[in-house]
Each structure stands twice: as C-alpha cells, then as structure tokens.
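# Fold and geometry: a report
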Amino acid sequence: MTWEQNGTVIASEGGLYEIYTDGGERIQCKPRGRFRHEKKKLLVGDRVLVSADEAGNKWVDEILERKNRLLRPPMANVTHLFLLISTALPDPVYENADKLIAIAEENRIETRIVVSKCDLSSEKAEEIRAVYEKAGYPVFLFSTAEVGGRERLFSYIQRDCAGGIAAFAGASGVGKSTLLNSLFPALGRETGSVSEKIGRGKHTTRAVNLFPFAQLFGEGQGFLADTPGFSLLDFENFDFFGVEALPLNFKEFAPYLGHCRYTKCSHRKEEGCAVLKALEEGKIAPTRHKSYCILYDQLKNKREWGQ
Ligand SMILES: Nc1nc2c(ncn2[C@@H]2O[C@H](COP(=O)(O)OP(=O)(O)O)[C@@H](O)[C@H]2O)c(=O)[nH]1
Ligand SMILES: [Mg+2]
Ligand SMILES: [Zn+2]
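Criteria and cut-off values
Residues numbered from 1 in each chain as written. Chains lettered and ligands numbered in written order. Predicted model: local features only at pLDDT ≥ 70, side-chain atom pairs only at ≥ 80, totals over all residues. Heavy atoms only, no water. Helix = DSSP H or I, 4+ residues; strand = E, 2+ residues; numbered from the N terminus. Buried < 20%, exposed > 50% of the residue type's maximum accessible area, 1.4 Å probe, protein only. Contact = heavy atoms within 4.5 Å. Areas by Shrake-Rupley, 256 points an atom, 1.4 Å probe, with all protein chains shown as cover. Core = buried A, V, L, I, M, F, W, Y, C linked by side-chain atoms within 4.5 Å. Domains from an automatic or database assignment. Pairing = 2+ DSSP bridges. Axes fitted to C-alpha atoms, helices over the stretch in contact; angles between N-to-C directions. Donors = N, O, S within 2.8 Å, 3.2 Å for Na, K, Ca; no water. Tetrahedral: all angles 85-135°; square planar, octahedral: opposite > 155°, others 65-115°.

## Concerning the overall build of the protein
- A count of helical and extended segments in the protein gives 9 helices and 13 strands.
- Relative to its 307 residues, the protein shows a buried fraction of 49%.
- Taking the contacts inside the protein whose residues are at least 6 apart along the sequence as the reference set, 65% of them involve residues at least 24 apart.
- A total accessible area of about 15600 Å² is found for the protein, and carbon and sulfur atoms account for 50% of it.

## A closer look at the nonpolar core
- Counting 44 residues, the largest nonpolar core has Ile-19, Ile-113 and Tyr-132 as its most contacted members.
- The dominant element in this core, judged by the number of residues it contributes, is helix H2 (residues 94-106), at 5 residues.
- Per-domain counts for this core show at least three residues from each of domain 1 (3-64) and domain 2 (70-235).
- Residue contacts for Tyr-132: discarding those within four places in its chain leaves Ile-85, Tyr-94, Ala-97, Asp-98, Ile-101, Ile-113, Tyr-137, Val-139 and Arg-288.

## With respect to the sheet that holds strand E12 (residues 209-212)
- Taken together, 6 strands build an open sheet; the order of strands is E10-E9-E8-E11-E13-E12 and the sheet is mixed. With partners counted over all chains shown, the strands left at the sheet margins are strand E10 (139-141) and E12, one partner each. The average angle at which neighbouring strand axes cross in this sheet is 25°, direction not considered.
- Where strand E8 (residues 80-86) lies against strand E9 (residues 110-116), 7 bridges are found, and the strand directions are parallel.

## So, the coordination of the zinc ion (ligand 3)
- Listed as protein donors to the zinc ion (ligand 3) are Cys-260 (SG), Cys-265 (SG), His-267 (ND1) and Cys-273 (SG); their distances from the metal cover 2.1 to 2.4 Å.
- Every donor counted, the 4 donor atoms about the zinc ion (ligand 3) form angles of 101 to 114° at the centre, which fits tetrahedral coordination.
- Residue His-267 is classed as buried on the basis of its relative accessible area of 7%.
- In this structure Cys-273 comes out as buried when scored by relative accessible area, which is 5%.

## Thoughts on the sheet that holds strand E5 (residues 58-63)
- Pairing is mixed around the closed barrel formed by 5 strands, whose spatial order is E1-E2-E3-E5-E4. With strand direction ignored, the average angle separating the axes of adjacent strands in the sheet is 55°.
- Examined bridge by bridge, strand E1 (residues 3-13) and strand E4 (residues 47-52) share 6 bridges and lie antiparallel to one another. Among the inter-strand pairings, Glu-4 is bridged to a residue of E4, identified as Ser-51.

Written out as structure tokens, the structure reads:
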C-alpha cells in the first residue's frame, strides 16, 4: 500500500466511484471485491477509507459508519434539508411538507424552510413563514424578483452546512432548479414549467452527485447534493417508523409529550391532552397539527393492514 486517506463518495457510475478526499482531491476508485460478497453497496455521501496499491490502483477499503441512509434517491449522510414551499404555482400542500420534515427528523437531518415564489403572494409567504417559525425551523424567503434572498441563503448554506451534506427538496415546480441556478450558476440546471417537463419526460431520474463547497463557494468543507427531477426523501422511508415515533418527529410537540392525562394519548382528540391544549393556546400551528393527524392515520392503517 502506498497511501491511505479518508474521503466522501461524490458520484458513482458503472461500478466506479468518484471520491473527494479530505485533502480535496478527486479520485476514481473501485470497491474491494469483498463488498460484493458482504452485500455492501456504496452510496453517494458515504464516508470511506481509500488506498492506492503499488500498481497504482485505487480502492475503497472501508465504508465508515453512516449517520443515515435514504432510499430514494439512494444516498447517505445527508445533514441538512432545504425544503422549498412555494406561495403559489403550486399552492402549498402542508401535509406533504410536514411528511418530508417528519422523515428528515427521523433521519436526524436538520430542516430549513425556503418559501419560494414570494413575489406571487406576500400574504401566503407570511402565512408559511409563521407556521414554520412557530415550529422552530429557520425560514428563508426567496423570489427571483429580489436579490437579497439569494445573498442570505448563499452565506447561510456555507456557514450552516459546513462539514455536512446539504440537499434541496420540494414538490415539482416550486423552483428548486431556479433557486440553485441563482445560487450556483455554474451548475446550469434545467428549469421550466411542469407541463414543459412532462413533455420532456419528467420521470427520468438521474444519479445523485455531490458538489464540494470548495467548488461552489471557493472555500470551505461540505457538499451540496444535486437531486434533480424528483423530490428528495421519497416517502418510502416513512414506512420505517411506526406511529409511536410520529409525535417525536413533530419537534414543537416535545415540551408537551409526557404531560397528557393518558400515557397512551395519540394527541388527536383525547381529554386532557397537553398537545391539544398547546394547539388551542396557539403555541402549535393548526396546519401542523392537521398534518400530524393525517400522517397518524396513514401510519396506523399501514400497521393494521399488516406488511
Ligand atoms: N414568479 C416566480 N416564478 C418562479 C420563481 N422561481 C421559479 N419560478 C418559475 O417556476 C417554474 C418552475 O421552476 P423550476 O426551478 O423548474 O422548479 P423545480 O421543478 O422545483 O426545479 C419555472 O417556470 C420558473 O421560471 C419565482 O421566484 N417567482
Ligand atoms: Mg428542477
Ligand atoms: Zn396528548
């Protein structure tokens, strides 16, 4: 062995992996043959140990412990999720946003909300902002019509996500590609209306790539995940936590859990429920509680019908 280094998998293609070493070098590696026998599959985002042999071949020797793992898109170790919710076109669907946030919480991913297309409705923008600030999430307002939002996000990502992996998510058409192009013009993403995309075949998915902060910001540690064409954290992961974990994944419920009259309180309609009391007192946003009830039913039904 001539050298050994730690790095991060930033792309994969045809059994070959591109690793960005902690020293800031890009190298192409193959996984050791034993990975196949052990049924271990490398994921973009994986932290790995790589080495070069005397013949100059570069190998991934080990996958370091994963913080989390997402099914679709397949990737590991996402630390920050920027969830876009547009004021209109499409209108916000709170239960979908809250489902994604709950999945992120379960996977120990920090969520930040970006209210997009603020130029279309400032009232809606304030409504969305109020809901998520009350829940304790940082909220950013963005519109292509105003440059300040771009500047604030740019420096926030560089600082907030240092050393991690940031990803953008949101429904089709909310403006993910537009925002990312505005932040990082070099990425050159395709944007367009939903109907245009359907015309082009919007179901074609592309592999995930990570862009090092050094490339995006000129300095710093960390990565931005490029997940075009589909929303991050496909809902499949949702099946993996049971209904008992749901209240824990609505983080603003935390101060009230354990204070209900009944230990098995579902926080939907029980007498003496501390969560419902907080809702009545305006400490929890009604849309968040409504999403909770919808998700509760979905998870409960799944359970009862047996997998
Ligand atoms: N009015 C307005 N339209 C926007 C804004 N951002 C994006 N759009 C438009 O919304 C459409 C969808 O944007 P796109 O970035 O492709 O959405 P994606 O599917 O989330 O990647 C495009 O026609 C954009 O021009 C914005 O801030 N304001
Ligand atoms: Mg897009
Ligand atoms: Zn309760």
